[in-house]
Amino acid sequence: MDQRHDIAIVGAGIVGLAHALIARRAGLRTLVVEREARAIGASIRNFGFVTVTGQEAGDCWRRARRARDIWAEVAPQAGIAVHHRGLTFAARRPEALACLEEFVAGPMGEGCRMLTAAEAAATGTLRGDLAGAMHSPHELRVESRDAIPRLTAYLESQGVEFRRLTAVTGVEPGRLHTSVGTIQAERILVCPGTDLRTLFPESFTRRGVTLCKLHMLRVAAPGAGPGFALPGAVMSDLGLVRYLGYKDCPSLPRLAARLRAEQAAELENGIHLIAVQGADGSLVVGDSHHYADSPDPFQPREVDDLILGELSAVLDLPRPEVLERWVGVYPSGPETAFFESPMPGVMLVSVTSGTGASTAFGLAEDVFAAWETAA
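What counts and what doesn't
- Residues numbered from 1 in each chain as written.
- Predicted model: local features only at pLDDT ≥ 70, side-chain atom pairs only at ≥ 80, totals over all residues.
- Heavy atoms only, no water.
- Phe/Tyr/Trp six-rings, centres within 6.5 Å; stacked < 30°, edge-to-face > 60°.
- Helix = DSSP H or I, 4+ residues; strand = E, 2+ residues; numbered from the N terminus.
- Buried < 20%, exposed > 50% of the residue type's maximum accessible area, 1.4 Å probe, protein only.
- Lys NZ or Arg CZ within 6 Å of the ring centre and 35° of its normal.
- Core = buried A, V, L, I, M, F, W, Y, C linked by side-chain atoms within 4.5 Å.
- Contact = heavy atoms within 4.5 Å.
- Disulfide = S-S within 2.5 Å.
- Pairing = 2+ DSSP bridges.

Undergrad: Quick one: what's the story with the packing of aromatic side chains, residue by residue and with numbers?
TA: Enumeration according to the criterion identifies five aromatic pairs in this entry. On the numbers, 5.2 Å between centres and 80° between planes, the contact of Trp71 with Phe361 is edge-to-face. Of this pair, Trp71 sits in helix 2 (residues 59–78) while Phe361 sits in helix 10 (residues 356–374); the two residues are 290 residues apart in sequence, bridging distant segments of the chain. Under the relative-accessibility criterion, Phe361 is labelled buried at 1%. One aromatic cluster in this structure is built from Phe89, Phe103 and Tyr246. The ring of Trp326 carries Arg145 above its face, with NZ or CZ at 5.3 Å from the centroid. A cation over a ring is seen here: Arg187 above Trp371, with NZ or CZ 5.2 Å from the ring centre.

Undergrad: Can you tell me about unusual backbone geometry, naming the residues and giving the values?
TA: Going from Gly286 to Asp287, the amide bond is cis rather than trans, its omega being -5°. Looking at the element boundaries, Asp287 is found in the loop between strand 14 (283–286) and strand 15 (290–292). The backbone phi angle of Leu165 is positive, close to 50°, even though this residue is not glycine. Note that Leu165 resides in the loop between strand 7 (161–163) and strand 8 (168–172). Taking the relative accessible area as the measure of exposure, Leu165 reaches 59% and is therefore exposed.

Undergrad: Account for the nonpolar core, with residues named and values stated.
TA: Most often, soluble globular proteins have nonpolar side chains that are buried together. If you look at the biggest cluster of nonpolar residues, it comprises 58 residues, and the most contacted ones within it are Leu240, Tyr246, Leu311 and Leu315. No other element matches the six residues that helix 3 (residues 94–104) contributes to this core. Discounting residues that sit within four places of it in the chain, Tyr246 has contacts with Thr53, Gly54, Phe89, Leu100, Phe103, Met134, Gly239, Leu240 and Leu252. Judged by nonpolar contacts, the second largest core, of 44 residues, contains Leu28, Trp71, Ala78 and Ala364.

Undergrad: Go over the state of the cysteines, please, and point to the residues and values.
TA: Counted by the stated rule, this structure contains zero disulfides. With no disulfide of its own, Cys99 lies 5.1 Å from the sulfur of Cys249, the closest cysteine sulfur.

Undergrad: Describe the pairing of strand 11 (residues 210–220), with residues and values.
TA: Within strand 11, eleven of the eleven residues are buried, leaving the element largely enclosed by the surrounding structure. Here three bridges tie strand 11 to strand 15, and the two strands are oriented antiparallel to one another. Paired with Leu211 across the strands is Ala292, a residue of strand 15. Bridge count for strand 11 against strand 14 is four bridges, and the pairing is antiparallel.

As structure tokens, this is what we get:
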């Protein structure tokens, strides 16, 4: 196998697919090489929640806004359902409400608005004892396990070639060495996901990248009233201390101190609440964060129980019934994402913050812009 392409992309997760979309739009003969038969990693094991509000100021927030726009454009073309839009950030405590008010008053709060406790309860799903809430109109949500295969099929229909069950064992300028032969391409993009050791491991070591394991659950709502429907994605107080977009809120230290006193176990397990809803009415709920070079594959019940406890503290959902449990793993480091050229004509790209679904399309545009500038 000795074929030539304008660009070969290693990895068919959301980061690789995003780059394939931008490459094809630029008219490049594009090949995606993937070691698995289909997507099975972090790109399908998440909320499908394209998060804008709360992303770190600067490149991450800008990329999220752009990625949201591209998702909205591509989804109908690819037959991908957008299950709901927007974010309701529930405040359980006055300190959390103060943080949200400060955020809305700042430059990244444009378009967001505060809800009183009564307005939050009027959604029919949030508990009536909240301090209040913030609503953001900027988000959208797809079902990842459906959206990623549909996006892949759409790219194939647009002329992107996929080579599956093919492991890339080495890279040199203009050439990929694979388990089934050699592939030639003028440009090579390496989007290895959680494989930090096969291609350019020194880059991940130098940047301090490790792996993060998270817990996810799908739950039914047998105790909820008829027509139980989330007002978009739902988050809560714990998210304010994890999402870097809120780090400059003056009230955040007071909230963090109270959370350390009242929810130390949740903080220790890196838990914050995200709840989204699918077309069948079930909720995808998470998550937690545990870091290791080789995360174990186990899902302790006590961590799931902490997540479900936070869910019940926010939603008027007395008896959530767990339908599925799974873990996801993604690369994590001090940067939200990075790209670098380890050799001529080759670019290594990684999202190292668990924000692939939220930022990959915007990141891909930045990568190609940097490549053209360098050329």
